[in-house]
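An overview of the molecular structure
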Amino acid sequence: MMVSRTLSQSRYFLILFALIPLLLSIMHYYKKSNLLNNIFPYHNRDNILIKIFEINDRLPTYKLVTYQGYEFPLKRNRAQTVLINHLKLQEKCQQNPNTTVFDIGASLGEFGLYAAACGCQVYMFEIEPRKLSLIEKSITINKFESRVHLMKKAVSDLKSNTTVYFSKNSTSQLSSINHHKNQDIYRGETINLNDYPFSSSIYLFRVDVQGHELHVFRSTEKLFRRHLINHVIFEYTSWGTPKTVHQDIFQYMKLILGAKTFYALHPKEPIIYGPLNDNDLNEFYSQHHQQHLQRDVYALFKDEQLSISASPYNFSSSFK
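Note that the coordinates shown come from a computational prediction; the quantities given were computed from them, not determined experimentally.

Looking only at helices and strands, one finds ten helices and 15 strands in the protein. Looking at the protein as a whole, 44% of its 320 residues are labelled buried. Pairs at least 24 residues apart make up 66% of the contacts formed inside the protein by residues separated by at least 6 positions.

Structure below.
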């Protein structure tokens with residue numbers, strides 16, 4: 001009986017020992033596949049649960065301060081990562097540390113912080129108070145103080161320093177505050193970039209302002225006319241503003257600002273579609289509005305010799 005029990009225990013130890021490599025493999029796979037690794041516990045401040053993540057879905061990595069429950073847009077970044085590799089952003093910034101990136105509508109700063117990790121000089125524009133607080137923490141944790149310039153302004157074609165109001169619930173700009181409670185709104189000031197005599201080139205200009213893209217581009221018209229901007233990535237949002245506004249975006253960027261080529265980025269897969277022809281651009285609004293879709297669009301302004309691997313664009317098949 002004693003011998004039988006000893007053999008049984010030995011068998012359990014052997015099984016456990018055999019499982020160790022499997023457990024180590026599972027842990028290694030999980031570490032590799034979990035692109036957002038929590039590295040610090042959250043804490044409670046102003047009723048917001050704060051967490052810090054290491055963002056390593058692309059290189060170089062960096063840390064992002066965010067709030068409990070926030071989901072990083074990994075799928076959206078797949079096509080963007082392919083594009084950024086084509087643009088050789090890290091290589092450009094390493095060769096010239098003064099290479100400049102603008103991140104307008106920075107939100108939590110994901111894109112701007114990545115550009116700073118590449119070694120770029122970054123100008124972030126954000127207006128929402130809580131997001132600003134989180135971005136400031138991210139800048140400090142990553143020690144990006146010398147690279148990131150946080151502008152607490154809303155980029156607009158209104159006069160600089162105009163007071164504007166936003167909804168805390170939707171983060172959208174309000175045309176009127178008469179029907180909103182004071183605790184549901186926050187206010188900020190505008191900045192019109194046409195008022196500032198920039199002289200240095202802006203390698204990459206990113207815009208994510210949920211329907212106010214045209215106002216941003218109008219406020220930077222002088223920069224484009226002086227050929228200071230090389231590349232533009234903007235989120236195309238086809239609702240919340242009139243159809244004519246969204247139809248005007250591409251024509252305005254092409255005829256007034258001088259965009260040479262447009263590409264559409266897949267929302268989930270590492271695929272770039274384009275170049276988009278005039279018919280594609282004319283149909284862009286109706287195609288996306290019907291299905292309530294958002295899409296990152298890339299516009300090339302300079303570096304015509306740049307080689308971009310893209311697939312032919314067809315809306316009905318490209319975004320299923």
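What follows concerns the state of the cysteines. Under the counting rule described, the total for this entry stands at one disulfide. Each disulfide pairs two cysteine sulfurs, and for Cys93 the partner residue is Cys120, the sulfurs being separated by 1.9 Å. Looking down the S-S bond of the Cys93 and Cys120 bridge, the torsion is 80 degrees, so its handedness is right-handed. Taken as a pair, Cys93 in helix α3 (residues 89-95) and Cys120 in the loop between α4 (110-117) and β5 (121-125) lie far apart in primary sequence, 27 residues in all. Note on accessibility: Cys93 and Cys120 belong to one class, buried. A disulfide-free cysteine, Cys118 has its sulfur positioned 5.3 Å from the sulfur of Cys120, the nearest such atom.

Another aspect to go through is the confidence of the model for the protein. Across the protein, the average pLDDT comes to 81, with 76% of residues at 70 or higher. Note that pLDDT drops below 50 for residues 1-8; the model gives that stretch zero contacts with residues more than four away or on any other chain. Low pLDDT, under 50, characterises residues 12-45; the predicted model gives this stretch 34 contacts beyond four residues in sequence or across chains.

So, on to the sheet that holds strand β13 (residues 261-265). With mixed pairing, eight strands are arranged side by side in an open sheet as β6-β5-β4-β11-β12-β15-β13-β14. A strand with exactly one partner marks an edge of an open sheet, and here the two such strands are β6 (148-151) and β14 (272-273). Strand direction decides the pairing type here: β5 and β6, joined by four bridges, are parallel. By the bridge assignment, Tyr123 is partnered in β6 with His149. Strands in contact with helix α2 (residues 74-87) are β11 (202-207), β12 (229-237), β13, β14 and β15 (294-300); relative to β11, the strand with the most contacts, it is inclined by about 165 degrees. Sheet strands in contact with helix α5 (residues 129-142) are β5 and β6, and its direction is about 170 degrees off that of β6.

Let's shift gears to the pairing of β5. Here is the key point about a regular strand: its side chains alternate between the two faces of the sheet. Summarising burial for β5: four of the five residues are buried, a large majority. Bridging between strand β4 (residues 100-104) and β5 involves five bridges; their strand directions are parallel. For Ile104, the partnering residue across the bridge sits in β5 and is Phe125. Of the crossover connections in this fold, the one passing from β4 over α4 to the parallel β5 is right-handed.

A full pass over the atoms with the stated rule returns seven salt bridges. The shortest N-O distance in the salt bridge between Asp157 and Arg218 comes to 4.0 Å. Here Asp157 is found in the loop between β7 (154-155) and β8 (163-167), whereas its partner Arg218 is found in helix α6 (residues 213-218), with 61 residues between them in sequence. Under the relative-accessibility criterion, Asp157 is labelled partly exposed at 28%. Notably, a salt bridge pairs Arg206 with Asp208, separated by 3.5 Å at the nearest N-O pair. Across this residue pair, the class does not change: Arg206 and Asp208 are buried. Connected through salt bridges with shared partners, the residues Asp103, Arg206 and Asp208 form a single ionic network.

A word on the nonpolar core. Within the largest apolar cluster, 42 residues are counted, with the highest numbers of intra-cluster contacts made by Tyr62, Leu89, Leu204 and Tyr298. In terms of residue count, α4 provides more of this core than any other element does, six residues in total. In this structure, Leu204 is in contact with Ile84, Leu87, Leu89, Thr100, Val101, Phe102, Phe111, His231, Val232 and Ile233, ignoring residues within four places of it in sequence. With 39 residues, the next largest nonpolar core counts Val155, Leu193, Ile229 and Phe284 among its residues.

Now for the environment of His266. Position of His266 among the secondary structure elements: in the loop between β13 and β14. As for His266 and Gln80, which are separated by 186 residues in sequence, their C-alpha atoms are 8.6 Å apart. At 3.0 Å, the side chain of His266 forms a polar contact with the backbone nitrogen of Glu269.

Our next topic: the side chain of Thr261. Relative to the helices and strands, Thr261 is located in strand β13. Owing to a relative accessible area of 18%, Thr261 belongs among the buried residues under this scheme. Those residues in contact with Thr261 that sit more than four places away from it in its chain are Pro275, Tyr298, Ala299 and Leu300.

What follows is about α4. Counting buried positions over the eight residues of α4 gives eight, a clear majority of the element. For α4, every residue scored as buried is listed here: Glu110, Phe111, Gly112, Leu113, Tyr114, Ala115, Ala116 and Ala117. Of the residues trailing α4, Gly119 is marked for its positive phi of about 105 degrees.

What counts, and at which threshold
- Residues numbered from 1 in each chain as written.
- Predicted model: local features only at pLDDT ≥ 70, side-chain atom pairs only at ≥ 80, totals over all residues.
- Heavy atoms only, no water.
- Helix = DSSP H or I, 4+ residues; strand = E, 2+ residues; numbered from the N terminus.
- Buried < 20%, exposed > 50% of the residue type's maximum accessible area, 1.4 Å probe, protein only.
- Contact = heavy atoms within 4.5 Å.
- Disulfide = S-S within 2.5 Å.
- pLDDT = per-residue confidence, 0-100.
- Pairing = 2+ DSSP bridges.
- Axes fitted to C-alpha atoms, helices over the stretch in contact; angles between N-to-C directions.
- Right-handed = clockwise from strand over helix to strand, strands pointing away.
- Salt bridge = Lys/Arg side-chain N within 4 Å of Asp/Glu carboxyl O.
- Core = buried A, V, L, I, M, F, W, Y, C linked by side-chain atoms within 4.5 Å.
- Polar contact = N/O pair within 3.5 Å; in protein donor to acceptor, adjacent residues only side chain to side chain.

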